[in-house]
Amino acid sequence: MKRIGVLTSGGDASGMNPALRAVVRTAIVNGLEVIGIERGYEGLLNGWLRPMELSSVGGIINRGGTILRTARSERFKTEEGLQQASRILHDNHIDGLIVIGGDGSFRGAHRLQEVSGVPVIGIPATIDNDIGGTEYTLGYDTALQVAMDAIDKIRDTADSFERIFVIEVMGRSRGFIAAAVGLAGGAEAVLIPEVPFDLVQVCEKLKKGIARGKRSAIIVTAEGAASAHDVATFVEMYLREETRATVLGYTQRGGSPTATDRIMGARFGALAVELLLRGQSRMMTAWQRGELVSVPLSATWEQPRELDTSLLKLNEVLAS
Ligand code: F6P
């Protein structure tokens, strides 16, 4: 193996840059050439390639987003797109590819390996932390920190104005962010897609708190569970208490990576290069039970990640 490619794909996540830095520097130190592919698979299809040097990844360890940029490519999913991507890899003598992204990106990487024969390794990165086969994905810790800081700030207004706030966090199909920040932020109620909920019961719980003298409350909802605006409208009508909605949205995707995201990015990035050097393919770097490991890429869609509902139960007790 002489030359490898690296790309970032799908939703950007803090920790992508530290991972990219680790990939580039580990590869170069081990005698490999590195080609950065800009704008994910879309860039691969268009041949948007740039040689990476040790200095290309200088000063990025503390930056959110991805200096390679990212995209979601529909064209890459087609047979014609895969053939074209395969041609670009071979024409540019790229004999190993590292994909930093989420499960959709890994399905694409798996197919690309089948079509091109070029070994691929995935590094899990998405703020949702919802990829099978790993207990950690880059960007999750930074997103939690951003969301928790926002909840703390909103609580100041909630307490001062004696209002109820409904705060919507990201997670289009899973509630990992909501469950964790609900607990960290002391939310009175947490709504996630995995657990059915009844807004009347939520309101009755808040009512008991109000009867005990509570004058403010925070409800955290995952975007995949219910919209903050809908929940706020219902709560205000049911309880006749002033209720406001805030959607945290893309603030959770950006910002300087936390120490955890930098360290995990470094470890995942270095391991991804080692896996290629060991002749492995269709594997993903992963975190399981406190250990850095590698798992087949297919684990990302074959072993859906379980959400630990004990966080919600604990919060039910602590935030009563
Ligand atoms: O998967 C990460 C994520 O941030 C989700 O939480 C969110 O629903 C989605 O991406 C938004 O995607 P887009 O950037 O395409 O709007």
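Residues numbered from 1 in each chain as written. Predicted model: local features only at pLDDT ≥ 70, side-chain atom pairs only at ≥ 80, totals over all residues. Heavy atoms only, no water.

**Regarding the pattern of salt bridges**
Alright, step 1. If you walk through the whole model with that rule in mind, you get 17 salt bridges.
Alright, step 2. Note that Glu188 is salt-bridged to Lys214, the shortest N-O span being 2.8 Å. Pair noted here: Glu188 is in the loop between helix H6 (176–184) and strand E7 (189–191) and Lys214 is in the loop between helix H7 (199–211) and strand E8 (217–222), with a separation of 26 residues, a long-range link.
Alright, step 3. Relative accessible area serves as the criterion here: at 8%, Glu188 is assigned to the buried category.
Alright, step 4. On the accessibility criterion, Lys214 (26% relative accessible area) is partly exposed.
Alright, step 5. Taken together, the salt bridges that share partners define one network made up of Glu79, Arg111, Glu114 and Arg282. (Salt bridge = Lys/Arg side-chain N within 4 Å of Asp/Glu carboxyl O. Helix = DSSP H or I, 4+ residues; strand = E, 2+ residues; numbered from the N terminus. Buried < 20%, exposed > 50% of the residue type's maximum accessible area, 1.4 Å probe, protein only.)

**Some thoughts on the nonpolar core**
Alright, step 1. Ranked by size, the top nonpolar core spans 60 residues in total, and within it Ile4, Leu20, Ile98, Ile100, Ile123 and Ile218 carry the most contacts.
Alright, step 2. For this core, the element with the most residues is helix H5 (residues 140–161), which contributes 8 residues.
Alright, step 3. Split by domain, the residues of this core number at least three in each of domain 1 (3–139 + 257–302) and domain 2 (141–254).
Alright, step 4. For Ile98, the residues in contact, after removing those within four places along its chain, are Ile4, Gly5, Val6, Leu7, Val23, Ile121, Ile123, Ala272, Val273 and Leu276. (Core = buried A, V, L, I, M, F, W, Y, C linked by side-chain atoms within 4.5 Å. Domains from an automatic or database assignment. Contact = heavy atoms within 4.5 Å.)

**Some thoughts on the sheet that holds strand E11 (residues 291–296)**
Alright, step 1. Read from one edge of the open sheet, 7 strands run E3-E2-E1-E4-E5-E10-E11, paired in mixed fashion. In the strand order of this sheet, the two ends are held by strand E3 (49–52) and E11, each with one partner. Strand-to-strand twist in this sheet, taken as the mean axis angle between neighbours without regard to direction, amounts to 30°.
Alright, step 2. Across 5 bridges, the pairing between strand E1 (residues 3–8) and strand E2 (residues 33–37) is parallel. (Pairing = 2+ DSSP bridges. Axes fitted to C-alpha atoms, helices over the stretch in contact; angles between N-to-C directions.)

**Notes on the site of the ligand**
Alright, step 1. Around the ligand, a shell composed of Arg72, Thr126, Ile127, Asp128, Met170, Gly171, Arg172, Glu223, Tyr250 and Arg253 is seen.
Alright, step 2. Residue Gly171 places a main-chain N or O atom 3.2 Å away from an oxygen atom belonging to the ligand.
Alright, step 3. The separation between an oxygen atom of the ligand and a polar side-chain atom of Arg172 is 3.4 Å.
Alright, step 4. By residue class, the composition of the shell around the ligand is 3 nonpolar, 2 polar and 5 charged.
Alright, step 5. Here the shell around the ligand spans two domains, and each of domain 1 (3–139 + 257–302) and domain 2 (141–254) adds at least three residues to it. (Near = heavy atom within 4 Å. Polar contact = N/O pair within 3.5 Å; in protein donor to acceptor, adjacent residues only side chain to side chain. Nonpolar A, V, L, I, M, F, W, Y, C, P; charged D, E, K, R; others polar.)

**Examining the domain arrangement of the protein**
Alright, step 1. Segmentation of the protein into domains returns domain 1 (3–139 + 257–302) and domain 2 (141–254).
Alright, step 2. Tallying the contact residues gives 15 residues for domain 1 and 14 residues for domain 2.
Alright, step 3. When domain 1 packs against domain 2, the two sides together hide about 1,100 Å² of surface, and 48% of this comes from carbon and sulfur.
Alright, step 4. In terms of surface lost to domain 2, no three residues of domain 1 exceed Ile127, Asp128 and Thr258, which account for 43% of the buried area on that side.
Alright, step 5. Counting across the domain 1 and domain 2 interface gives 1 salt bridge.
Alright, step 6. Residue Asp12 is joined to Arg253 by a salt bridge in which the shortest nitrogen-to-oxygen separation is 3.2 Å. (Buried area = accessible area lost by both parts, 1.4 Å probe.)

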